[in-house]
Amino acid sequence: MVLEYRIDHFSLLVKDLARSIVFYTDVFGFEVIDETSNEKIRWLKIGGNDTIHLSEGDTSTTSLKKDTHFALRVKDLDVFLTDMQNREIAYYDWPGNINTVGERFDGFRQVYIQDPDGYWIEVNNHAR
């Protein structure tokens, strides 16, 4: 029997939960979906059934390399880039050139931005 897997959620350990919630809801439009009784944890809806789990804690031992990132797909990368420029949020290509769009091996365009804790987020126009 072959099992089929889908991503349920991913979790990030953040230094300041309130700051991260503002970033992810404001910049990406994610929606807080769970106001749990634990003030150090929040769940945000990305789209469909996809969610992100933010936990506040000690991030001092967290490694923040671009190789470890998550990726978001957008329909119109140029609209996203204009939004980043309007917000004065820097984006980078894979080598690290600021405000430069890169191209993946499969021809799709991509950029990387960082959240307030320094986690790398790839944003691309990869379509099925």
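Here we summarise the structure given alongside this text. From a predicted model like this one, the values you see are computed outputs, not experimental measurements.

Remarks on the nonpolar core
Link 1 in the chain: Within the largest apolar cluster, 25 residues are counted, with the highest numbers of intra-cluster contacts made by Y24, F28, L54, F80, I113 and I121.
Link 2 in the chain: Secondary-structure elements contributing two or more residues to this core are strand 1 (9-14), helix 1 (17-27), strand 4 (50-56), strand 5 (69-73), helix 2 (77-87), strand 7 (109-114) and strand 8 (120-124).
Link 3 in the chain: Here the element with the most residues in this core is helix 1; it accounts for five residues.
Link 4 in the chain: Residues contacting Y24, with those up to four places away along its chain left out, are L12, G29, F30, L44, I52, L54, F70, D115 and I121.

Side note on the sheet that holds strand 2 (residues 31-34)
Across a sheet, strands are paired by hydrogen bonds formed along the backbone, either parallel or antiparallel in direction.
Link 1 in the chain: Pairing is mixed across the open sheet formed by four strands, whose spatial order is 1-4-3-2. Two strands in the sheet have a free side with no partner beyond their single neighbour: strand 1 and strand 2. Each neighbouring strand pair of the sheet contributes to a mean axis angle of 35°, computed without reference to strand direction.
Link 2 in the chain: As paired strands, strand 1 and strand 4 are joined by six bridges and run parallel to one another. Bridge pairing links L13 to S55 in strand 4.

Cut-offs and rules
- Position labels on residues start from 1 in each chain and follow its written sequence.
- In view of the model being predicted, local features appear only for residues whose pLDDT reaches at least 70, and side-chain atom pairs are presented and counted only at 80 or more, with totals across whole chains, interfaces and linings using the full set of residues.
- No hydrogens and no water enter the side-chain calculation; it runs on all heavy atoms of the structure.
- For this analysis, a nonpolar core means a set of buried residues of the types Ala, Val, Leu, Ile, Met, Phe, Trp, Tyr and Cys, connected via side-chain atoms within 4.5 Å.
- When a residue's accessible area, from a 1.4 Å probe over protein chains only, is under 20% of the maximum for its type it is buried; when over 50% it is exposed; and in between it is partly exposed.
- By the criteria applied, helices consist of DSSP H or I runs no shorter than four residues and strands consist of E runs no shorter than two, each listed in order from the N terminus.
- The contact rule is simple, with two residues in contact once any of their heavy atoms fall within 4.5 Å.
- Two strands qualify as a pair provided that DSSP identifies no fewer than 2 bridges between them.
- With axes taken as lines fitted to C-alpha atoms, and helix axes fitted only over the stretch in contact, angles between N-to-C directions fall between 0 and 180 degrees.

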